Amino acid sequence: MRIAVAKEIEVCERRVALNPETVARLVKQGLEVWVEKGAGERSFFSDAAYQAAGAEIISDTDQLWNQADILLKVSPPQEREDGRSEIDLLREGSVLISFLNPLGNPIVAQQLANRKVTALSMELIPRTTRAQSMDALSSQASLAGYKSVLIAAAALPKYFPMLTTAAGTIAPAKVLIMGAGVAGLQAIATARRLGAVVEAFDIRPAVKEEVQSLGAKFVEVKLDEETTAAGGYAKEISEASKQRTQEVLAEHIKNSDVVITTAQVPGRKAPLLVTEEMVAQMKPGSVIVDLAAEQGGNCACTDPGKDIVWNGVTIIGPINLPSSMPVHASQLYSKNLTSLLQLLINKEKALQINFADDIIDAACITHAGEIRNQRVKDGLQTINTQQPAVN
């Protein structure tokens, strides 16, 4: 059983699929691990560290991809400089485990199916107790939530904590966290540690106790519809409910020094939570950090990947924020992957794809030339329907 770790080629991706510590554990289990030359450099893990852990360093990219039984990545397969897709390098019957964005870009799933690759998408790991150690979305979202507060604190022209000095008392910053998932809860905890007064909003009333346990005030909006989807994620709500939510939040946003938005819906455009009118009401010098920038943004003024100033308010739309903390991001992702590998490799060190296992069944999007996930199939159908007919 040969497990290979690919070097990421996406420009902004600094993470690596396995760190030396987890490689050593796999080698100790009797597995062969190949690591592409330089794969860990941007995460500050040297080739020498991987070799010391028992990995073989491979300089030939084509060899690594084509001879791997299981290939591990962070970002979805990309197009290479020579014009070929990384998917073209995978051999038939091999296994790819990575973030694949199958709901946002289902065409990748079709390409993997055509290549007869068994692909497991880390976005589709179910949110269950048994799968917690494999939940890469949560591990990476926690990093994003933490870093978002540090970015906001650096951009805000004020202190976060209350200070009593000889020159007078400094009032604490007021921070509003929108979305109390993993990223939001970590943002709340971090902002509180920095001394801010924190409010938090989420359409799911069930998270109220978690918010309050971290020392934040919960902004409650009563909605007459179900707001929680399968797996505990927030559900897309009706336009009437969105309008009601914006009306309640407008005053809280106006009075905040910092607003951090985290609301995302898998495979969909991010919901609009902060309108231009709301931004216009904020005090000059206020800061918005939009963690949903890659999905279009929760703020109407967000420009993905850029920091802009709109009407005196700084709006920051970071892209791939976990990658800015590659050491711990890679460490956590490595743990997620190795936990999943334990389900895929049996005691005889052979690959077993057991679809009776709910985790494997949920995460596996392609196998034996077929797309297995119905939501991915629906996404492809939508794309095919929207394409113009060829005369």
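1. Overview of the overall build of the protein chain
What the protein chain contains, in helices and strands, is 12 helices and 17 strands. What you see for the protein chain is a C-alpha radius of gyration of 22 Å, in line with the 21 Å of a compact globule of 391 residues. Judged by the C-alpha coordinates and their principal axes, the protein chain covers about 65 × 60 × 40 Å. A sequence separation of at least 24 residues applies to 66% of the contacts in the protein chain between residues at least 6 apart. When the accessible surface of the protein chain is summed, it comes to about 17,900 Å², and 50% of that surface belongs to carbon and sulfur atoms.

2. Some words on the side chain of Asn336
In this structure, Asn336 sits in helix α10 (residues 326-344). Apart from residues lying up to four places away in sequence, Asn336 is in contact with Met122, Ser133, Met134, Asp135, Ala136 and Ser139.

3. What to know about the state of the cysteines
Using the criterion set out here, one finds 0 disulfides in the structure. With no disulfide of its own, Cys299 has Cys301 as its nearest cysteine by sulfur position, at a separation of 4.5 Å.

4. Describing the nonpolar core
Core analysis: the biggest nonpolar cluster contains 39 residues, and Leu72, Ile97, Met122, Leu340 and Leu341 have the highest contact counts within it. When contributions to this core are tallied by element, the ones reaching two or more residues are β1 (2-5), α1 (20-28), β2 (32-36), β4 (70-72), β5 (95-98), α10 and α11 (358-363). Per-element tally for this core: the top contributor is α10, with 6 residues. Leu341 has contacts with Ile3, Leu26, Ile70, Leu72 and Ile97, leaving out every residue within four places of it along the chain.

5. What to know about the sheet that holds strand β10 (residues 197-201)
If you walk across this open sheet you meet the 7 strands as β11-β10-β9-β12-β13-β15-β14, and the pairing is mixed. Strands at the two margins of the open sheet, each flanked by one partner only, are β11 (217-219) and β14 (307-310). Mean inter-strand twist for the sheet, computed between neighbouring axes without regard to direction, equals 20°. Against the sheet, helix α8 (residues 239-254) contacts β9 (174-178), β10, β11 and β12 (258-261), and its axis sits at roughly 155° relative to β9.

About the criteria used
- Residues numbered from 1 in each chain as written.
- Predicted model: local features only at pLDDT ≥ 70, side-chain atom pairs only at ≥ 80, totals over all residues.
- Heavy atoms only, no water.
- Helix = DSSP H or I, 4+ residues; strand = E, 2+ residues; numbered from the N terminus.
- Rg over C-alpha atoms; globule rule 2.2 N^0.38 Å.
- Contact = heavy atoms within 4.5 Å.
- Areas by Shrake-Rupley, 256 points an atom, 1.4 Å probe, with all protein chains shown as cover.
- Disulfide = S-S within 2.5 Å.
- Core = buried A, V, L, I, M, F, W, Y, C linked by side-chain atoms within 4.5 Å.
- Buried < 20%, exposed > 50% of the residue type's maximum accessible area, 1.4 Å probe, protein only.
- Pairing = 2+ DSSP bridges.
- Axes fitted to C-alpha atoms, helices over the stretch in contact; angles between N-to-C directions.

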